[in-house]
Amino acid sequence: MIKDSPNPPEINPEQPTKTTYRPCPIFTIRPDVNSETLLVHACETLASANVMATELSSILTGPTCNLVLGIQQMIVLAQLSVNRVLDQFDPQQ
């Protein structure tokens, strides 16, 4: 168990905290890759995650199965959003 510090640092609510985000340099996306290509890859990744979640749910039961099916539903909703944006790049008629 971690005990509270006897002298916690004071936080000044008027002073904004500055957070620096640095992505892991192992996995990067080239800056010249266009948005459509990134969306296509996102769509393919979501499709694969959907298949994995569906397969996993078929071998589980009870609350664990319901949890995986909830995750699968969120994947499908994200997939629909990505597909909608992709349709704006290349409308299907």
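Everything numeric in this text was worked out from a predicted model, so none of it was measured. (Residues numbered from 1 in each chain as written. Predicted model: local features only at pLDDT ≥ 70, side-chain atom pairs only at ≥ 80, totals over all residues. Heavy atoms only, no water.)

1. Some words on the nonpolar core
Residues Leu39, Cys43, Leu46, Ala53, Val68, Ile75, Val82 and Leu86 constitute the largest nonpolar core, which totals 8 residues. Of all the elements in the fold, those that place two or more residues in this core are helix H1 (35–59) and helix H2 (62–89). With residues up to four places along the chain from it excluded, the contact list for Ala53 reads Val68, Gln72 and Ile75. (Core = buried A, V, L, I, M, F, W, Y, C linked by side-chain atoms within 4.5 Å. Buried < 20%, exposed > 50% of the residue type's maximum accessible area, 1.4 Å probe, protein only. Helix = DSSP H or I, 4+ residues; strand = E, 2+ residues; numbered from the N terminus. Contact = heavy atoms within 4.5 Å.)

2. Thoughts on the side chain of Gln72
With respect to the secondary-structure elements, Gln72 resides in helix H2. Once residues lying within four places of it in the same chain are set aside, the contact partners of Gln72 are Asn50, Ala53 and Thr54.

3. Description of H2
Compared with the 40 Å implied by 1.5 Å per residue over 28 residues, the 41 Å span of H2 between its first and last C-alpha is a close match. Looking only at H2, the buried set comprises Cys65, Val68, Gln72, Ile75, Gln79, Val82 and Leu86. Looking at the packing, one finds that the buried side of H2 touches H1. (Expected span 1.5 Å × (residues − 1).)

Keep in mind these values describe shape, not function.
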